[in-house]
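Overview (structure and organization)
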Amino acid sequence: MSKIVIALGGNALGKNVQEQKELVKIPAQKIASLVAKGHNVIVGHGNGPQVGMIYNSFSDSNIQMPFPESGAMSQGYIGYHLMTSILNEFKKNNIDKDVLYFLTETLVDQNDPAFDNPTKPIGSFYKTEQEAIQANPGSTIKEDSGRGYRKVVPSPLPQSILGINTIKKNINLGNVVIVGGGGGIPVIFDGIEYKGVDAVIDKDCALSKIANDVNADTFIILTSVDYVSINYNKENQEDLKSIDSKELKEYLEQGHFAKGSMYEKVLAAIAFVEAKKGSRKAIIANLEKVEEAVEGLSGTLIY
């Protein structure tokens, strides 16, 4: 049985609850199809739009909801929608499998350099820096691309996934496991206890680590394009259909992939395939063509 970890982008789930209930049906159908073919599937998802919606809603109501709690809320309701939709697909297709959701906490290093340079904007835009400071006391505020001032948080690297041993046991039992939502809720350990922190963990980076921890055969990062491309949107655009990690690194260093978009996906894919020698592979593919990607008929294969 092939073990596949799938990273699903938060933007693919719409901008509100109603949209998400409909849009989760697409990945649910794809997951059910893979399970029916004998694959063991682990799913992770982004939560950028969703956690922003939650954080902004509280902020607009003059309620200071801490960012880790906002992340936990987004994990919960995305997980609820994904679980229900996958279970419905299993029911239609007579698949006798359990679907489990793990509220995921991800350990980060409190001395990670990212904490000295917060860069990830979250929450509402404000016309002035002072308005942003008043609305987000104790936060770092930066101007965001000429659109106004926003709270920014660090993006530290994931060190480990809390509860990974129990997660692995359930995967090995053949259950479909949803884990690592939004990269996990960032927590630090101060020598005495775990504490949530204001931060955003890149979901592809976290799921690359999870894929390695559970010894997956394939790590699939889903996006809105069919292939990773160099010279993207130029006359000499070239789609990469199969490439080794060393060559892909060279393209990365040459600046072919935009940060905040394909850059992080490529980094996560390289990290997975290089973490262990063998036949493991990463694929960056279109959500609509995930089955074809598994069969080698679509997507960029990284080995």
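First, a word on scope: everything that follows refers to the structure included in this document. Throughout this document, residue positions are counted from 1 along each chain, in the order its sequence is written. Per-residue local features of the predicted model are confined to residues with pLDDT of at least 70, and side-chain atom pairs are confined, for both listing and counting, to 80 or more; whole-chain, interface and lining totals are unaffected and use all residues. Note that the side-chain values use all heavy atoms of the structure and ignore hydrogens as well as water.

**Side note on the nonpolar core**
What counts is decided by this rule: Put simply, buried Ala, Val, Leu, Ile, Met, Phe, Trp, Tyr and Cys residues joined by side-chain atoms within 4.5 Å make one nonpolar core. Relative accessibility decides the category of a residue: with a 1.4 Å probe and only protein chains considered, values under 20% of the type maximum give buried, values over 50% give exposed, and everything between is partly exposed. The numbering of helices and of strands both runs from the N terminus, where a helix is a DSSP run of H or I of at least 4 residues and a strand a run of E of at least 2. In what follows, residue pairs with any heavy atoms lying within 4.5 Å of each other are defined as contacts.
Of all hydrophobic cores here, the largest spans 35 residues; its most connected members are Phe-219, Phe-257 and Val-266. At the level of secondary structure, the elements contributing two or more residues to this core comprise strand 1 (3-8), helix 6 (164-172), helix 7 (203-213), strand 12 (218-223), strand 13 (228-230), helix 8 (245-253), helix 9 (262-274) and strand 16 (281-286). Residue contributions to this core peak at seven residues, all from helix 9. Ignoring sequence-local partners within four residues, the contact set of Phe-219 consists of Val-5, Ala-7, Asp-204, Leu-207, Ser-208, Ala-211, Ala-268, Ala-269, Phe-272, Lys-281, Ala-282 and Ile-283. With 29 residues, the next largest nonpolar core counts Val-35, Ala-285, Val-290 and Ala-293 among its residues.

**Brief notes about helix 2 (residues 25-36)**
To keep things clear, this is the line we draw: Expected span of a helix, by definition, is 1.5 Å for each gap between consecutive residues, and there is one gap fewer than residues.
If you check helix 2, its first and last C-alpha atoms are 16 Å apart, about what twelve residues at 1.5 Å a residue would give, namely 16 Å. Here helix 2 has its buried residues at Pro-27, Ala-28, Lys-30, Ile-31, Ala-32, Ser-33, Leu-34 and Val-35. Residues of helix 2 that are buried sit in contact with strand 1, helix 1 (17-23), strand 2 (40-45), helix 4 (67-92), strand 9 (176-178) and helix 10 (290-294). Remark: Gly-38 follows helix 2 within two positions and exhibits a positive phi of approximately 100 degrees.

**Digging into the sheet that holds strand 15 (residues 242-243)**
In a beta sheet, neighbouring strands pair by backbone hydrogen bonds and run either parallel or antiparallel. Worth spelling out the cut-off: For two strands to count as paired, DSSP must find a minimum of two bridges between them. Between N-to-C directions, angles cover 0 to 180 degrees, with each direction set by a line fitted to C-alpha atoms, over the stretch in contact for helices.
Here eight strands make up an open sheet; going across it, the order is 3-9-2-1-12-16-17-15 and the pairing mixed. Edge positions in the sheet fall to strand 3 (99-101) and strand 15, since each of these pairs with one other strand and no more. Note that strand 3 and strand 9 share three bridges and pair parallel. Within the sheet, the bridge partner assigned to Leu-100 lies in strand 9 and is Val-177. Helix 2 rests against strand 1, strand 2 and strand 9 of the sheet, and its axis sits at about 160 degrees to strand 2.

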